Each structure stands twice: as structure tokens, then as C-alpha cells.
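# Breakdown of the fold
The chain contents come next:
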Amino acid sequence: MTEVKYRKVDIDGLKVFYREAGPVDGQTLLLLHGFPTSSHMFRELIPALSDRFRLIAPDLPGFGQTDMPPRGKFSYTFENVASVIGRFVDAIGLRRFSIYVFDYGAPTGFRLAVAHPDRVVAIISQNGNAYEEGLSDGWKPMRNYWQDPSQANRDALRPFLSPETTIWQYTQGVRDISIISPDGYALDNFYLSRPDAAEVQLDLLGDYKTNVALYPVFQEYFRKHKPAFLAIWGKNDPFFLPAGAGAFKRDIPDADVRFVDSGHFAIATHCEEIARAIRGFLGKLSA
């Protein structure tokens with residue numbers, strides 16, 4: 001295990017926080033977190049892999065320790081989030097790398113791969129969806145807002161930002177919740193409680209429709225470029241269904257699709273198993 005370093009880099013006035021560990025000449029893995037968390041979700045995975053791989057885990061704009069500029073100065077869309085991460089990758093000098101995507105990290109990372117297919121070596125998707133059949137009925141309130149962005153439909157999404165919902169996201173579908181550290185969801189709830197954070201997150205929930213609209217583009221990228229692909233999925237995820245994991249094989253027949261008996265935050269319960277899978281998966285690429 002190597003030490004983890006905590007850094008910030010200025011991206012056109014927006015300071016992006018990131019964690020870095022591992023040998024600088026090792027295979028690079030860019031770790032992209034989801035909602036409502038931050039790079040903190042990788043606090044156990046990074047040391048488990050850093051003896052061999054170079055790990056880079058940024059906080060997305062508006063999340064964690066990365067700046068959350070006022071909504072009047074930064075438009076919280078997934079296009080803008082992906083643009084910042086693309087410039088972040090350039091700023092720290094990443095040329096060829098693999099990506100680990102989860103939840104919001106998936107449309108962010110897939111946008112990056114579509115824009116730079118020659119730079120993304122492999123993709124690991126842990127409950128990071130790219131297919132309509134992967135969306136559960138739990139997305140209905142969001143779909144209502146996409147179709148009619150009224151204040152009433154926006155306000156109907158506020159319960160998704162409550163402390164209770166954050167805990168539920170971690171624990172739903174988990175057989176033994178006593179193995180889940182409360183540190184993760186406690187920190188997530190701290191960040192969600194910051195001034196204006198709720199409005200930022202509601203903007204992103206509303207803009208998620210642009211990700212669904214891009215699913216055909218992502219799928220065309222998969223079919224055309226067929227990146228080495230590992231999907232490792234919490235099969236009891238209330239938001240992203242197992243069918244979404246299986247669908248990757250439709251466009252990438254050689255994709256490795258695995259399921260673990262967990263929920264949305266499978267990394268919180270199966271980090272060791274996920275780390276082993278990543279070692280084997282990326283190890284084949286360098287053999």
C-alpha cells in the first residue's frame with residue numbers, strides 16, 4: 001500500500017479536489033463517484049489497489065471538497081460536469097487511462113470516453129447505467145420533472161435529498177446493514193446540508209434526462225470501440241436494475257458482467273471482492 005495524497009488543481013477558476021495514490025508509472029484508473037457522495041466513497045478501494053495501480057479520484061463540481069460555485073456562475077449540467085473532468089484529466093497530464101464509474105460518474109465517464117475513445121483503455125461500471133431497461137420505477141418522480149419542470153415537480157424531488165434517503169440508499173438491498181460504516185452517509189449528508197447544495201442537486205436531477213437522451217450515443221460508442229469492460233453490480237439496487245448491467249453485453253459481447261448481493265453502494269459492502277475483480281480485469285490488459 002502506498003500513501004494517499006490529497007490535492008487540488010485549478011480548472012479555469014474552479015478548484016477540483018482529488019485523491020491520488022499508487023506508482024506514477026502504473027496503469028492509471030480514474031475513479032468517478034456518484035450521487036450524493038464524493039471521492040470519499042473510494043477510501044477503502046484506493047489502498048487496496050495502490051500497490052500496483054495509479055488511482056486518481058476527483059470530486060465532481062458541487063460535490064465533496066471540489067468548489068461549488070454559485071448557480072448563477074456555473075450551470076449544473078452533466079455536460080458541464082463532464083467538461084470540467086475532461087479539463088481536469090488534461091491538467092494533471094493523464095493520456096491513457098481506465099475509468100471506474102458509479103451512478104453520476106457513469107454519464108460523466110461515458111461522455112469522456114465518447115469524446116476521447118483513444119484515451120480510455122477500459123471501463124469498470126459499478127452500478128453505472130447506460131440503458132433504459134436499467135432504470136427502475138424509482139425514477140418516476142424524476143421523469144415527471146423532466147417532462148414538466150414545474151416548481152411542484154421540483155419540490156417533489158426534495159425528499160431524495162433528505163438524510164433518511166441517503167441512509168436508505170446505502171442500506172436498501174443490503175442483507176446485513178451492520179457492515180456498512182456510517183461515516184460515508186454521514187459525510188454525504190454533511191455536504192448535502194450546505195447552503196444552496198439542495199438546489200444544485202435538484203438542477204442535476206433535472207438535467208439527468210440529458211444522460212438518458214445520450215444512451216444511444218453511449219451504446220454506439222460501445223459497439224464501435226468495444227472497450228475492455230467489467231460491470232460489477234449490486235443486484236438489489238433500487239435505482240439501477242440488473243438488466244442494465246446485462247445490457248452491456250448486447251453491445252460489447254465480451255463484457256464481463258458480475259453481480260454481488262448488495263444494493264446501490266455495493267462498494268460499501270463488497271469492496272474486497274470488487275478490488276479482486278479489478279485486479280484480475282486490469283491485470284489481463286497488461287499481461
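As a reminder, the structure under discussion sits directly above these lines.
Description of the structure in this document.

About the criteria used
- Residues numbered from 1 in each chain as written.
- Predicted model: local features only at pLDDT ≥ 70, side-chain atom pairs only at ≥ 80, totals over all residues.
- Heavy atoms only, no water.
- Helix = DSSP H or I, 4+ residues; strand = E, 2+ residues; numbered from the N terminus.
- Rg over C-alpha atoms; globule rule 2.2 N^0.38 Å.
- Buried < 20%, exposed > 50% of the residue type's maximum accessible area, 1.4 Å probe, protein only.
- Contact = heavy atoms within 4.5 Å.
- Areas by Shrake-Rupley, 256 points an atom, 1.4 Å probe, with all protein chains shown as cover.
- Lys, Arg positive; Asp, Glu negative; His and termini not counted.
- Charge placed at Lys NZ, Arg CZ, Asp CG, Glu CD.
- Salt bridge = Lys/Arg side-chain N within 4 Å of Asp/Glu carboxyl O.
- Pairing = 2+ DSSP bridges.
- Axes fitted to C-alpha atoms, helices over the stretch in contact; angles between N-to-C directions.
- Polar contact = N/O pair within 3.5 Å; in protein donor to acceptor, adjacent residues only side chain to side chain.
- Left-handed = near helix turned anticlockwise from the far one by under 90°.
- Nonpolar A, V, L, I, M, F, W, Y, C, P; charged D, E, K, R; others polar.
- Phe/Tyr/Trp six-rings, centres within 6.5 Å; stacked < 30°, edge-to-face > 60°.
- Core = buried A, V, L, I, M, F, W, Y, C linked by side-chain atoms within 4.5 Å.
- Parallel < 35°, antiparallel > 145°, perpendicular 65-115°, else oblique.

## Quick word on the overall build of the protein
In terms of regular secondary structure, the protein is built from 13 helices and eight strands. The globule rule puts the C-alpha radius of gyration for 287 residues at 19 Å, and the 18 Å found for the protein is close to it. For the C-alpha atoms alone, the extent of the protein along its principal axes is close to 55 × 40 × 40 Å. Counting the 287 residues in the protein, one finds 57% classified as buried. Restricting the contact set of the protein to residue pairs at least 6 apart, pairs at least 24 apart contribute 75%. Total accessible area on the protein stands at roughly 11,700 Å², and carbon and sulfur atoms take up 52% of it. Taken together, the 32 basic and 34 acidic charged side chains of the protein have centroids lying 4 Å from each other.

## What to know about the pattern of salt bridges
Applying the stated rule across the entire model yields 18 salt bridges. Put simply, arginine 158 and glutamate 199 hold a salt bridge, and the shortest N to O gap is 2.9 Å. With arginine 158 in the loop between helix H5 (151-155) and helix H6 (163-171) and glutamate 199 in helix H8 (residues 197-207), the pair connects residues that are 41 residues apart, well separated along the chain. Shared partners join several salt bridges into a network, and the residues in it are Arg71, Arg154, Asp155, Arg158, Glu199 and Asp203.

## Remarks on the sheet that holds strand S8 (residues 256-260)
Pairing is mixed across the open sheet formed by eight strands, whose spatial order is S1-S2-S4-S3-S5-S6-S7-S8. Edge positions in the sheet fall to strand S1 (5-11) and S8, since each of these pairs with one other strand and no more. The sheet shows a mean angle of 20° between the axes of neighbouring strands, direction not considered. The sheet contact formed by strand S3 (residues 28-32) and strand S4 (residues 54-58) spans three bridges and is parallel.

## Let's talk about the side chain of aspartate 207
Positionally, aspartate 207 belongs in helix H8. Despite its burial, aspartate 207 pairs with no opposite charge; the closest candidate is arginine 111, at 5.2 Å N-O. Of the polar contacts made by the side chain of aspartate 207, one reaches the backbone nitrogen of phenylalanine 78; its length is 2.8 Å.

## With respect to the packing of H6 against helix H7 (residues 182-192)
Across the interface, H6 lies against H7 with an axial gap of 9 Å and an inter-helix angle of 145°. Judged by the sense of rotation from one axis to the other, the crossing of H6 with H7 is right-handed. Contacts from Pro163, Thr166, Ile167 and Tyr170 of H6 reach H7 at Gly184, Tyr185, Asp188, Asn189 and Leu192. Partitioning the contact of H6 with H7 into residue classes produces five nonpolar, three polar and one charged.

## A short note on the packing of aromatic side chains
Tallied over the entire structure, the rule returns 30 aromatic pairs. On the basis of an interplanar angle of 85° and a centroid distance of 5.7 Å, the ring pair of tryptophan 168 and phenylalanine 239 is categorised as edge-to-face. Here tryptophan 168, found in helix H6, pairs with phenylalanine 239, found in the loop between strand S7 (228-234) and helix H11 (242-246); they are 71 residues apart in sequence, far enough to count as distant. Here tryptophan 168 falls in the partly exposed class, since its relative accessible area comes to 35%. Through a chain of ring-to-ring contacts, three or more aromatic side chains come together here, namely Phe35, Phe63, Phe78, Tyr104, Trp139, Trp146, Phe160, Trp168, Tyr208, Phe239 and Phe240.

## Some details on the nonpolar core
Among the nonpolar cores identified, the biggest contains 62 residues, and Phe88 and Phe222 are the most heavily contacted of them. No other element matches the six residues that helix H2 (residues 78-91) contributes to this core.

## A word on the packing of H2 against helix H3 (residues 105-115)
Taken N-terminus to C-terminus, the directions of H2 and H3 make an angle of 60°; their axes are 9 Å apart at the nearest point. Between H2 and H3, the interaxial angle falls into the category oblique. Crossing geometry of H2 relative to H3 is assigned as right-handed. In contact with Phe78, Glu79, Val81, Ala82, Ile85, Gly86 and Val89 of H2, H3 contributes Pro107, Thr108, Arg111 and Leu112.

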